[in-house]
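Below, each chain spelled out in residue letters.
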Amino acid sequence: MTVINSHETTGVDGGFHLSEAGARDFFELLKPRVMSLVVFTAVVGLLLAPGQINPVLGLISILCIAVGAGASGALNMWYDADIDAVMSRTAKRPIPTGRIEPREALAFGLTLSVFSVTILGLAVNWFAASLLAFTIFFYAVVYTMWLKRSTPQNIVIGGASGAFPPMLGWACVTGGVSLDSILLFLIIFLWTPAHFWALALFKMRDYGSVGIPMMPNVAGERSTKGQMVVYAVLTAAVAVGPYFTGLASAGYGLFAAVLSAIFIYCSIAVWRMPDGDEKMIAAKKMFAYSVFYLFAIFSALLADHFAAGMFALAGGSL
Amino acid sequence: MIETIKVTDKQKKSRRNRNIALGLVLAGLVLLFYIITLVKIGGLGS
């Protein structure tokens, strides 16, 4: 028999409730898959930036960016628990399944936000910390609370929050932004609509059932597919940009051009898909390729950077 | 107001699991601040 203060145990139903949530459930609130992409792109931004950062502070920067991204994921799950419960893709998340209470997720998200921003500011620089705070605010408030349920442009504008990590990594080293870091931002920003609308096309009914105004539900399949091609072309144009600004070599430029051509080809395949297609194979292929494409572009930037460094070293030793 | 309830084994296990995780996070934070202090005071951060 255990004595417990009643205010700690009162559940939503007014009865007694003790949480059965484990550490793993809280970890799930951080959206680890999204976090892994955030970490990867932030690392690339940090390593490509001109100048140097103490390796330990570099690791702390990435940790803070990862935790900040996780915090915004937790705040997103807190606010979206009602629609997550209805959609098949999100119904098994910790809040809809009752493993974690909404107020626990809110407290968790807010605490992690404050800690990640404060530690980044104290350890690295306050410009990067302010940018991280803005990123969390943009995802949790601007995208989740405002845009997501009110406009079909939700993921176009909201996509900015997912595009900030390389700029954050860059800011940790330089304490500012530059044309190159804006280019890294634009690659993800312009890639997001084509990537997300491919998913929205084959999950259209899910979004429709909860009243989220995704582009295919509001503007129709034809218009969405046309816009996907436009965004794929814009992404391709920006993806080869690092070669023209001198951030990457011609080898990267060629590699990015080939990958981008395939990205455009995939978007055209989606555009040619008949409206009302049940299987949506082209859209599923586009979604899968878009993930690979972004990963490959950023990997190529990193590989190109290290190759240039090695050539410089070899040239200097001759 | 004091209430008495029975805590199930699953709830006990989850609580212990959360406590261990929180303890590890706190220890990690102590270590993190120690390292940041060393780097900053040692002038290695510049």
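Remember, it's a predicted structure, so these values are computed and weren't measured experimentally. (Residues numbered from 1 in each chain as written. Chains lettered and ligands numbered in written order. Predicted model: local features only at pLDDT ≥ 70, side-chain atom pairs only at ≥ 80, totals over all residues.)

Further remarks concern the overall build of chain B. Looking only at helices and strands, chain B features one helix and one strand. A burial count over chain B gives 2% of its 46 residues as buried. (Helix = DSSP H or I, 4+ residues; strand = E, 2+ residues; numbered from the N terminus. Buried ≥ 20, exposed ≤ 12 C-beta atoms within 10 Å, placed from the backbone.)

Summing up its helical and strand segments, chain A has 15 helices and one strand in all. With the C-alpha coordinates of chain A rotated into their principal frame, the extents come out at 75 × 55 × 30 Å. Expressed as a percentage of its 318 residues, the buried residues of chain A come to 46%. Considering only residue pairs separated by 6 or more positions, chain A has 72% of its internal contacts joining residues 24 or more positions apart. (Contact = placed C-beta atoms within 7 Å.)

Residues and elements named next belong to chain A. Of all the bends in helix H7 (residues 126-147), the greatest measures close to 35 degrees and is centred on Phe-138. Where H7 is concerned, the buried positions are Ala-128, Ala-129, Leu-131, Leu-132, Thr-135, Ile-136, Tyr-139, Ala-140, Tyr-143 and Thr-144. Residues of H7 that are buried in the fold lie against helix H4 (55-79), helix H6 (102-123) and helix H8 (154-174). (Bend = angle between axes of the 7 residues up to and from the residue.)

Attention shifts here to the confidence of the model for chain A. For chain A, per-residue confidence averages 90 on the pLDDT scale, and 94% of positions sit at 70 or higher. Considering only residues more than four positions removed or in separate chains, one finds that residues 1-14 of chain A, a stretch of pLDDT under 50, has 21 contacts. (pLDDT = per-residue confidence, 0-100.)

Within the secondary structure layout, Lys-13 of chain B lies in helix H1 (residues 9-41). As for Lys-13 of chain B and Leu-31 of chain B, which are separated by 18 residues in sequence, their C-alpha atoms are 27 Å apart.

Turning to unusual backbone geometry, a few remarks are in order. All names here are of chain A. Of note, the phi angle at Lys-31 is positive, near 50 degrees, even though the residue is not glycine. Unusually for a residue other than glycine, Met-280 sits at a positive phi of about 55 degrees. Mapped onto the secondary structure, Met-280 falls in the loop between helix H14 (250-272) and helix H15 (281-317).

Below, the discussion takes up the confidence of the model for chain B. Across chain B, the average pLDDT comes to 85, with 87% of residues at or above 70. Reported confidences for the modelled complex are a pTM of 0.87 and an ipTM of 0.81.

This brings us to the packing of H6 of chain A against H7 of chain A. All names here are of chain A. Between H6 and H7, whose axes approach to 7 Å, the crossing angle comes to 160 degrees. As far as their axial angle goes, H7 and H6 are roughly antiparallel. Seen from above, H6 lies across H7 with right-handed handedness. Where H6 approaches H7, its residues Ser-113, Ser-116, Val-117, Leu-120 and Gly-121 are matched on the opposing element by Trp-126, Ala-128, Ala-129, Leu-132, Ala-133 and Ile-136. Classifying every residue of the contact of H6 with H7 by side-chain character gives eight nonpolar, three polar and no charged. (Axes fitted to C-alpha atoms, helices over the stretch in contact; angles between N-to-C directions. Parallel < 35°, antiparallel > 145°, perpendicular 65-115°, else oblique. Left-handed = near helix turned anticlockwise from the far one by under 90°. Nonpolar A, V, L, I, M, F, W, Y, C, P; charged D, E, K, R; others polar.)

With that settled, consider H14 of chain A. If you check H14 of chain A, its first and last C-alpha atoms are 33 Å apart, about what 23 residues at 1.5 Å a residue would give, namely 33 Å. Buried within H14 of chain A are the following residues: Tyr-252, Phe-255, Ala-256, Leu-259, Ser-260, Phe-263, Cys-266, Ser-267 and Val-270 of chain A. (Expected span 1.5 Å × (residues − 1).)

Residue and element names in this part refer to chain A. With respect to the element layout, Asp-275 can be found in the loop between H14 and H15. Assessed through the 9 C-beta atoms surrounding it within 10 Å, Asp-275 is described here as exposed. Considering only alpha carbons, one finds Asp-275 and Asp-82, 193 residues apart in sequence, at a separation of 30 Å. The contacts of Asp-275, once residues within four sequence positions are left out, are Glu-221 and Arg-222.

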